[in-house]
Every structure is written in structure tokens, then in C-alpha cells.
Protein chains: 2
Amino acid sequence: VSGEAAFLDLLRAMARDPAARGLMDDAAVLPVGGERLVLTSDTLVAGVHFLPDDPPADIGWKLAAVNLSDLAAKGAQPLACLMGYALSGDTGWDARFLAGLGEALETHGMPLVGGDTVSMPAGAPRSFTLTAIGRATSDPVPARMGGRAGDRLFLTGPVGDAGAGLAQLLADRDATGPLVAACRRPRPRMTEGRALAPHVHAMMDVSDGLLIDAARMARASGLGVEIDHVPLSPALAATLSDMREGKLRAATAGDDYELLCAAPFLPDLRFPMIEIGRMVEAPGMKLSIDGVEMPLPERLGYEHGRI
Amino acid sequence: VSGEAAFLDLLRAMARDPAARGLMDDAAVLPVGGERLVLTSDTLVAGVHFLPDDPPADIGWKLAAVNLSDLAAKGAQPLACLMGYALSGDTGWDARFLAGLGEALETHGMPLVGGDTVSMPAGAPRSFTLTAIGRATSDPVPARMGGRAGDRLFLTGPVGDAGAGLAQLLADRDATGPLVAACRRPRPRMTEGRALAPHVHAMMDVSDGLLIDAARMARASGLGVEIDHVPLSPALAATLSDMREGKLRAATAGDDYELLCAAPFLPDLRFPMIEIGRMVEAPGMKLSIDGVEMPLPERLGYEHGRI
């Protein structure tokens, strides 16, 4: 990862335009003709971001969902997307991938308007890039930074389902159920993001794990963070014997795509929000689960090259 | 290629938004806030679009240049770009790639504002995707379609240099000179594209070969095309023994990135344009070189998955 860190440093040195937000945010924000465009791009690679034998329709869905989630974190309305597609050499596979992608795009009103297909050399892993373009709906456009000491931290929903679903799939590729569905068909929080955007000091999606993403928000805001609640879904809770250990695992699992936001208070919204902690002056992170302060795990979540 | 054709058919069925232009054009055109955005995305894969041992700075340059060229074909002003980058595992290589990319972006005023890095599994070919966003400067925004019978066809410069440079490199990886430079450091015709856009009925960049790209423009316009001049650079002409055969090769070589446009006439411009033929009612293509009508070669240029 140190080579990657060095590369990101070089990229940041190049990306001096204010629209890039120092490459420290989920998306770029570019003013154009009286609008502010929200721009994001994510790549999925077989064996890294999905299991090579995952159903292709679910991979297509996920490619759309992870990009939509970055728009959601900015409260943006999807406008269009472009795809870079490495042909798999298997026409049926490609068709099923497109069907899943199309389902997600249709659900969230993001038209595919262009891109590029390439044929990869034999043996190369499947990989796909989607670039999503949205229109900001609030001013300012929420960022990871901007949290203030005393802000309360809220989540749009429980965490850990997708990570538990992945564990089930790794044990049994034929596993099904709500946790597997959470892993394979993440739901980007578009409506919630737009409703929250005018009211938050900071917002981001939880893609790499609640602890690591909360730590990133705090660091970007020059603050620390205290987390005293790790919300679980009933489906996940039902699978746990040791609840505290299960919550710790849920807080470091990835691919949840719930929104995390910092705000002094939230108005009445048409959906429930879960309060999980607060931003504090003192840097660092404190975690307590069910009233007991926990030592921080060595790994707070996934580290990867989101730029 | 039939699997790819089937895939493109599926994509076109999905891409019904008018911004997609039926995926038949070099770029999408999306109206936003009183502006029209021009959107394009191109992927380069080692062993497909560049030689694995090409200098990394040239590959970075080329990634920017091919996307900029798509903007040039729309007369668009570059606004921003996002990159999907597969880390090579070689920090020095990555740094040199970025230096070349940065040089091209700086030259053409297109800031890098975001993207994604991924680590590929060992042995995977290097691949990079750039998505470029520009602002249209003319109304309508030129397209491949729109040519009219009787329009004259013009090129911004000679063709075949890059293809000849590639042939030199395949024979001798240490080859240098203007043809190799044309292959490795293509120059997108930004200024020319913007100056031409208000005056043309149709425009596109010549990336896959003059014959195949002219045939695409004619087909998209519901017309045929006659080409009676294949302009060569002095550097290329100096390497040829059989001029007619060399011109035929130049007309089917790729990676030229000159602009091809159809217009009844062109006003005085600050750069020379080369007239090469005309659009005609009768579908199909006629080619004559130095006054002699030639049978069309079996391969008119590169077929690939630009969508």
C-alpha cells in the first residue's frame, strides 16, 4: 500500500483544481453554467471487488450502485453515466451484467450515455469502470470535511449486513437470504442523501467500514470522533452469538453504503436516522459498544485506492 | 467481434437518452444548466492500445490525448477529467505515467478532478480509463451524422504517420523520429476543433483509419463518400518507395487523431485544411489515389469497441 500512498500523493499534487477537493472527498464538484456537477468514478475488478463467480447481473447492479452512492453522499441528482467495459468473451455473461446494470440505472434514473468497450487479453480479470455525473441540489455541497465539534453523527441504516453476507458466500457460494442480498445488491441512499444534504455539516457514504469512514470524516474535519452505538439489522443480529464481537465486526465490514452525516440536529425526515455518536475536539477515535469502551481493532475497515 | 457487436446492440438498446446520441458518436452531449456538456471515456489496455514496453510517460500522454481528441471533434473546451488507474506495482513506472498524463492535461487545460485507483491481481495487463468532460462552444454540437450530399470533406492534417511510427517500433523498439513521435505523442486538434465547429455539417476524429472513419461518417449521414486525396506528411512520404501503396496503407492506419469534417465550404481559418473528397448521395465509398480509382482494401481500418 505504500506504493499506492506514494501514487496518491503524486495525484493530489496534480489535482490542484478546486473541483478536485484535494481528492479527499467521495466526488468532485465542478461549477458549470449555474449548476454544480458532482463527478465520481469507480472501478470494480474481479477477485478484488467481487467474487469471480458472483452472478453477473449482481456485479452490474453493484457497479451502478457504488457510483450512485457517491452521488447520494453529495445529495446529488443523477444525470448520466459512462462505462468502460472489458468484454468477458462470454456473450451471455455480458448480457446478464448489462441487465443488472440497467436495472440499477433505471431504478435511480441515471441514463447511460457513452463509454468504451475493450477486449482484454486472455486470462485478464474482468474489470469495469463507471463514471457518474450528477447535479448538486444543495448549497454548499456536503463534503467529508466540515464537521464541527459537538455535531451528532447519524447513519441512514444499520451496518454489517453486506460483510456478513460476504462471509456467508465465502463459506457457501449458494447461500441466499437478506445478508447475501445486502452484499450483492447494495441500495444507494439517493432520497436520503438529497433530503439530508441541506442539514448536514459533513456527509459521506460508508463503503469501507463504519470505523474507518468515521475516522476519515473526523480527520478531514480536523476533529476526533466518539462512537457509542453500532446499529445492526434484525437479520444480522439473529445470526450472532456474541453480540459485542458481532458489532465490532459489523463496524469494520465494508460495502454497506449507508450514509454517515454530522449535524447538530436533524429536522423531521420521512425516514428514520440512527444516532451513533458525536464529533469531538480531541483527535482520534473512541468506541463503546453497549456501554463498554472497547479497544480499537487493528483494522478499522478497508484501505484502498478510492481517490 | 460478433460477440462485441451483440454487446453494442444491447448497450444501444439501453442508451435511449438523447444525450447518448445512440452511442453512434464520439461523445455524448448532455444539456445542463444552460450549457451542453460533452462527455467521453476511453480505456487503454496494454497489448491492445499500446506496447507493454512503451515509455510510461507516452502512455499517460496518449490516455489524455485520445480523450481530448474526442472533445476536439465536438469543438468542446475541456473542463475536467476523472481517471480509473490500475496500479502497476512499480512506483517509478506509475510516476512516469502520471508525468506524461500531467503534461498533456496541462498543455490542454483539462484538470484532473477525481477517479479511482485499483490494485490488479498479479499478471493482469495494465489498463487505464479516462473520462473527459468538456463544454460545447457551438450550437449545434457537431456529430458524425449531419453531412449533406455535395459537402466537401476536409482533414486538419496528413494521415498515416502514427501507423508508420508503430511499424518502425515493431521492427525496432529503439526507433525514434517524427513518425514514432506521432505514434507516441498524438496531438489532439483542440484549437482546430473549436474553430471548425460552427462551420461544419459533420465532424469526427480519425482514430481508427481515414477510410473506416469516413465510411462511418457517410453511413451515419445516410450518404456515400468519395475520397480522391490521401495527404501524407513529408516525413512519411520520404520513407516510401511505392507511393500509391503507401497512401493506401496510410488511409487504413489508426491513431492519427486529425479531424475529418464535412462542409460546403470553410471560411478563412488560422490553419490550413486539406480537402480530400466529398459526400455523395449514392451509399458506399469510392477511393482514388493520384487520379487512379483503387479497389477498396478488405480492411478499412481498426474495428473496436468505441461506444
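Residues numbered from 1 in each chain as written. Chains lettered and ligands numbered in written order. Predicted model: local features only at pLDDT ≥ 70, side-chain atom pairs only at ≥ 80, totals over all residues. Heavy atoms only, no water.

Moving on, we get to the side chain of D26 of chain B. Turning to its location among the elements, D26 of chain B is positioned in the loop between α1 (2-14) and β1 (28-32). A distance of 3.3 Å separates a polar atom in the side chain of D26 of chain B from a polar atom in the side chain of R144 of chain B. (Helix = DSSP H or I, 4+ residues; strand = E, 2+ residues; numbered from the N terminus. Polar contact = N/O pair within 3.5 Å; in protein donor to acceptor, adjacent residues only side chain to side chain.)

Note on aromatic pairs: each is described by the distance of the centres and the angle between the planes. Across all of its chains, the model carries 14 aromatic pairs over all chains by this definition. Among the aromatic residues, those joined into a cluster by ring pairs are F7 of chain A together with F50, Y85, W93, F97 and F128 of chain B. Directly above the aromatic system of Y302 of chain A lies the positively charged group of R299 of chain A, at a separation of 5.0 Å from the ring centroid. Taking NZ or CZ as reference, R126 of chain B lies 3.7 Å from the ring centre of W93 of chain B, over its face. (Phe/Tyr/Trp six-rings, centres within 6.5 Å; stacked < 30°, edge-to-face > 60°. Lys NZ or Arg CZ within 6 Å of the ring centre and 35° of its normal.)

What follows concerns the sheet that holds strand β4 (residues 112-119) of chain A. All names here are of chain A. Here we have five strands laid out as an open sheet, ordered β1-β2-β5-β3-β4, and mixed in their pairing. Lying at the two open borders of the sheet, with one neighbouring strand each, are β1 (28-32) and β4. Strand-to-strand twist across the sheet, computed as the mean angle between neighbouring axes with direction ignored, equals 20°. Across five bridges, β1 lies against strand β2 (residues 35-45) in antiparallel orientation. (Pairing = 2+ DSSP bridges. Axes fitted to C-alpha atoms, helices over the stretch in contact; angles between N-to-C directions.)

Residue and element names in this part refer to chain B. By the burial criterion, the buried members of helix α9 (residues 243-252) are G246, K247, L248, A250, A251 and T252. The secondary structure elements touched by the buried residues of α9 are α7 (210-220), α8 (234-237), β11 (284-289) and β12 (292-294). By the N-cap criterion, in which a side-chain oxygen at the helix start approaches the backbone nitrogen of a residue two or three places on, α9 is capped by D242, the distance to R244 being 3.1 Å. (Buried < 20%, exposed > 50% of the residue type's maximum accessible area, 1.4 Å probe, protein only. Contact = heavy atoms within 4.5 Å.)

What follows covers the interface of chain B and chain A. Interfaces are frequently sized by the accessible area removed from exposure as the parts join. Taken together, the contact between chain B and chain A spans 64 residues of the former and 64 residues of the latter. Linking chain B with chain A are two salt bridges, by the criterion used here. The salt bridge partner of R16 of chain B is E106 of chain A, with a shortest N-O separation of 4.0 Å. On the surface where chain B and chain A come into contact, there are three residue pairs in polar contact (both at pLDDT 80 or more). Of all elements in the fold, only α1, β1, β2 (35-45), β3 (76-87), α3 (91-108), β4 (112-119) and β5 (127-136) of chain B reach the threshold of two or more residues within the side of chain B that touches chain A. (Salt bridge = Lys/Arg side-chain N within 4 Å of Asp/Glu carboxyl O.)

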